[in-house]
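One letter stands for each residue in the lines below.
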Amino acid sequence: MLLSVVSTVWIYLSAATLSLLMPPCRTTALVTLRHHQHGVLSRRSREDGGGGGGNTTEEAAPTEYLVRQHEEVILQCEANSSGSGVVRWRHNGLEVEPGHRYNRDPQGRLTISSVRLEDDGTWQCDDRETGFARPIWLVVLEPPKAPYLLIDGRRLDPGNLFIPVKENTELTVECVSDGGRPSPSLQWVLVPGVGQADTLPGLQLNNDSADQGPGARSEARIARILRAHHNATVACLVNHATLPNPLNASLLLDVQYTPSFSISRLPDFGFPLREGIPVSLKCEVDSNPPASPVWQKDNAPPPVEQSGDGFLNFTSIRREHGGWYKCTSRHLLGDFSSIGYLLNVRYEVPEPEVTPGENAVSEEAAVEVSLGGVVQLQCPSKEGGCWGKVGKDGSLDPVGPGPGLHVDRILYQEAGEYRCVVARSAKLEKYRSHNVHVAVTGGPVVYPSNKTVTVATGERAELAVEFCSNPPYNKAFWMTEGRIFTPGHSTPDGILAHKIIEGSTAHCYIAVLELSWVQPIDHGEYMFLVRSPRGVAEASIHVNVTLASGYLAAARASRFTALLLSLLVPYLINVLMRV
């Protein structure tokens, strides 16, 4: 697999691809010489970009020549314009005698055969008649060494392709290339992994290279590592005039990220699960390092054995298999869990048989339905009867005739015990009753008593809501602009959030917010929020505050009294001090 990854990286960093990314190394002109052949170098002034002729001073800007090692170069002496004088050549200020690799012809030109690194520097000729010519800066090209990478100042092993990094952290990589004349240029590229998008999000790379004497150094930074960076390649490219293809140093990002869960079901979600059919739940975990899924039901092991690929297979699902399921995983970075999934199994309530001779028969059944669903209740007896709902005090309130009772878009308030009573049978001389406990489950709902409350200043106001939730709520509070009121607590300005009490039906509750002394500042919208494991619900009540008839007069009287006291109090104190 490692060879495969290396091959993939090499394809991305092939010479054909990298040559397109290679910028020019310097702004100076590059002259290519033919090996072992004589010829005059083209030149360019470092100052004005053109070739200079005639007599120049020693301070004139030099003309720059770039030449590779072991080339042959001919330096033209501009001072010997007539060709009749005696020409001398100096290298870095020291006179060079002809011989060995240096040959001076009658016209004063200097031929350097097999150029070496020690020939690098400033060359200048002078004629006794015309003086010094424009200096020549000879740059002998030297290829740079292979680059290497550093992280936190530590040099990476060239054989270590993978660098482990954690998700949502920062990564800084430094590239160093030693040697090279002139200094090479460095460039960063980010190559996506196999199957990844062409561009990766959140990438910030610093492509500016810094000259380091001979050599170069550059730094790249990824401000936030994402899981999308996993298996991506960060590469540093070294470009130089002596290189037919750029050199490179690269690393593969091994991003460690926490598990994310994906739960699927067969049959698909939305298809009702009836008792007796085959059902499969599957959990898939995406993490690095990889982690295995582990199913739980109600924080305990599941009722059927889990397969190795994360399946729970119910060959024939039963009502006792219903409940809350979740997928967990133990990872290098800790223990993680998915959100809960409610497996709801529908089943039919069988009609019990009636045994003759009993004085009374009472049958029990239970039905669970989602909020807003449909309930169809059926009396076991075909003789009719009537349906009633049992109250808290045991009384029976009629709700409809039998034998069938249909409840459409059921509410929490309609949950409870329903009873079908069959009239006295002439044959059996008995009463027969059938009890059905209807449980409603779903997210929370809130019912405000009034959506708008109008109250005069100085009066007392109560804002009330009824809310229902099954499973039970775990958070409820009142809020208005910039303020939150928790049930059971009051504020210094007379606002009291009463404790939540049970409502008239199961799973329903009453919440009241009391404004003891309404002021104009209390005008506005008040919101009640409730949260349960199945979601969040809210309701708002708008409070309109009107001015009472005596409010303005009382306010003026209060201000007059305060002014009078401010004048009288100092006078009374002065009188008492004299007594």
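Scoring rules and cut-offs
Residues numbered from 1 in each chain as written. Predicted model: local features only at pLDDT ≥ 70, side-chain atom pairs only at ≥ 80, totals over all residues. Heavy atoms only, no water. Helix = DSSP H or I, 4+ residues; strand = E, 2+ residues; numbered from the N terminus. Areas by Shrake-Rupley, 256 points an atom, 1.4 Å probe, with all protein chains shown as cover. Pairing = 2+ DSSP bridges. Axes fitted to C-alpha atoms, helices over the stretch in contact; angles between N-to-C directions. Phe/Tyr/Trp six-rings, centres within 6.5 Å; stacked < 30°, edge-to-face > 60°. Lys NZ or Arg CZ within 6 Å of the ring centre and 35° of its normal. Buried < 20%, exposed > 50% of the residue type's maximum accessible area, 1.4 Å probe, protein only. Contact = heavy atoms within 4.5 Å. pLDDT = per-residue confidence, 0-100. Disulfide = S-S within 2.5 Å. Salt bridge = Lys/Arg side-chain N within 4 Å of Asp/Glu carboxyl O. Core = buried A, V, L, I, M, F, W, Y, C linked by side-chain atoms within 4.5 Å.

## Regarding the overall build of the protein
The helix and strand tally for the protein stands at three helices and 44 strands. Summed over its atoms, the accessible surface of the protein is roughly 32,300 Å², and 54% of this surface lies on carbon and sulfur atoms.

## Describing the sheet that holds strand 7 (residues 110-112)
Taken in spatial order, the three strands of this open sheet run 3-7-6, and their pairing is antiparallel. Each edge of the open sheet is held by one strand with a lone partner, namely strand 3 (73-75) and strand 6 (102-104). Taking each pair of neighbouring strands and ignoring which way they run, the sheet shows an average axis angle of 20 degrees. Relative to strand 7, strand 3 is paired through three bridges, and the arrangement is antiparallel. If you follow Val-73 over to strand 7, its bridge partner there is Ile-112.

## Description of the packing of aromatic side chains
What the rule picks out here adds up to seven aromatic pairs. Above the ring of Tyr-148, the side-chain terminus of Arg-155 is found at 3.7 Å from the ring centroid. In this structure, Lys-389 packs its charged tip against the face of Tyr-418, placed 6.0 Å from the ring centre.

## Here we look at the pairing of strand 29 (residues 375-378)
Burial along strand 29 is one-sided: the residues Val-375 and Leu-377 are buried and none of Gln-376 and Gln-378 is. Across four bridges, strand 29 lies against strand 32 (residues 404-407) in antiparallel orientation. Paired with Gln-376 across the two strands is His-406, which belongs to strand 32.

## Thoughts on the environment of Glu-459
When you line up the elements, Glu-459 lands in the loop between strand 35 (452-456) and strand 36 (461-470). Residue class for Glu-459 comes out partly exposed when judged on its relative accessible area of 43%. The sequence separation of Glu-459 and Gln-519 amounts to 60 residues, and the corresponding C-alpha distance is 8.5 Å. Dropping the residues within four chain positions of it, Glu-459 is found in contact with Leu-515, Ser-516, Trp-517 and Val-518.

## Side note on the sheet that holds strand 38 (residues 483-485)
Taking strand neighbours across the sheet as the criterion, the five strands line up as 35-44-43-37-38 in an open arrangement whose pairing is mixed. The open sheet is flanked by strand 35 and strand 38, the only strands paired with a single partner. Averaged over all adjacent pairs, the angle separating strand axes in this sheet is 25 degrees, with direction ignored.

## Here we look at the confidence of the model for the protein
Summarising the model, the protein shows a mean pLDDT of 76, and 74% of its residues fall at 70 or more. No element of the protein has a lower mean pLDDT than helix 2 (residues 15-21), at 34, and none a higher one than strand 23 (residues 311-314), at 93. The model gives residues 425-431 a pLDDT under 50, and that stretch makes 18 contacts with residues more than four places away or in other chains. In the predicted structure, residues 555-560 sits below a pLDDT of 50 and forms zero contacts with residues beyond four places in sequence or in another chain.

## Considerations on the pairing of strand 24 (residues 323-331)
By the bridge criterion, four bridges tie strand 22 (residues 294-297) to strand 24 in an arrangement that is antiparallel. When the bridges of strand 24 are listed, Trp-295 appears paired with Cys-327. Note that strand 24 and strand 25 (residues 334-337) share four bridges and pair antiparallel. Note on strand 25: the bridge partner recorded for Ser-329 is Phe-336. In textbook terms, the turn of a hairpin is the stretch between consecutive antiparallel strands, and for strand 24 and strand 25 this stretch comprises two residues.

## Section: the state of the cysteines
A complete count under the given rule lists four disulfides for this structure. Covalently, Cys-283 is tied to Cys-327 through a disulfide, its sulfur atoms 2.0 Å apart. The S-S bond linking Cys-283 to Cys-327 shows a torsion near -90 degrees; that makes this disulfide left-handed. You can see Cys-283 sitting in strand 21 (residues 279-288) and its partner Cys-327 sitting in strand 24, a full 44 residues away along the chain. Across the pair, exposure class does not vary: Cys-283 and Cys-327 are buried alike. A disulfide bridge connects Cys-468 with Cys-508, and the sulfur atoms are separated by 2.0 Å. Here Cys-468 and Cys-508 share a disulfide; its torsion about the S-S bond, 105 degrees, makes the bridge right-handed. You can see Cys-468 sitting in strand 36 and its partner Cys-508 sitting in strand 42 (residues 508-515), a full 40 residues away along the chain. With a relative accessible area of 1%, Cys-508 lands in the buried category.

## Notes on the environment of Val-115
Examined against the element boundaries, Val-115 turns out to sit in the loop between strand 7 and strand 8 (121-127). Note on Val-115: relative accessible area 0%, which makes it buried. The sequence separation of Val-115 and Arg-68 amounts to 47 residues, and the corresponding C-alpha distance is 7.5 Å. Apart from residues lying up to four places away in sequence, Val-115 is in contact with Val-67, Arg-68, Gln-69, His-70, Glu-71, Val-73, Arg-101 and Val-140.

## Considering the pattern of salt bridges
Following the criterion strictly, the structure yields 20 salt bridges and no others. Its salt-bridge partner being Lys-297, residue Asp-298 comes within 3.2 Å of it at the nearest N-O pair. For Lys-297, a relative accessible area of 14% puts it in the buried group. Across the pair Asp-335 and Arg-330 runs a salt bridge, and its minimum N-O distance is 3.2 Å. Each of the two residues, Asp-335 as well as Arg-330, counts as exposed. Sharing partners across several salt bridges, the network here consists of Arg-88, Arg-90 and Asp-126.

## Thoughts on the side chain of Thr-505
Inspection of the secondary structure puts Thr-505 in the loop between strand 41 (501-502) and strand 42. Using a relative accessible area of 15% as the deciding quantity, one classes Thr-505 as buried. Those residues in contact with Thr-505 that sit more than four places away from it in its chain are Tyr-412 and Gln-413.

## Comments concerning the nonpolar core
Core analysis: the largest hydrophobic core is formed by 25 residues, its most contacted members being Val-446, Leu-463, Trp-478, Leu-513 and Phe-528. Of all the elements in the fold, those that place two or more residues in this core are strand 35, strand 36, strand 37 (475-480), strand 40 (495-497), strand 42, strand 43 (524-532) and strand 44 (535-546). Take this core: its biggest share by element is five residues, from strand 44. Among all residues touching Leu-513, those that are not within four sequence positions of it are Ala-461, Glu-462, Leu-463, Trp-478, Phe-485, Ile-495, Leu-496, Ala-497 and Tyr-526. Formed by 24 residues, the second largest nonpolar core is a distinct cluster that contains Val-165, Ala-232, Val-238 and Leu-253.

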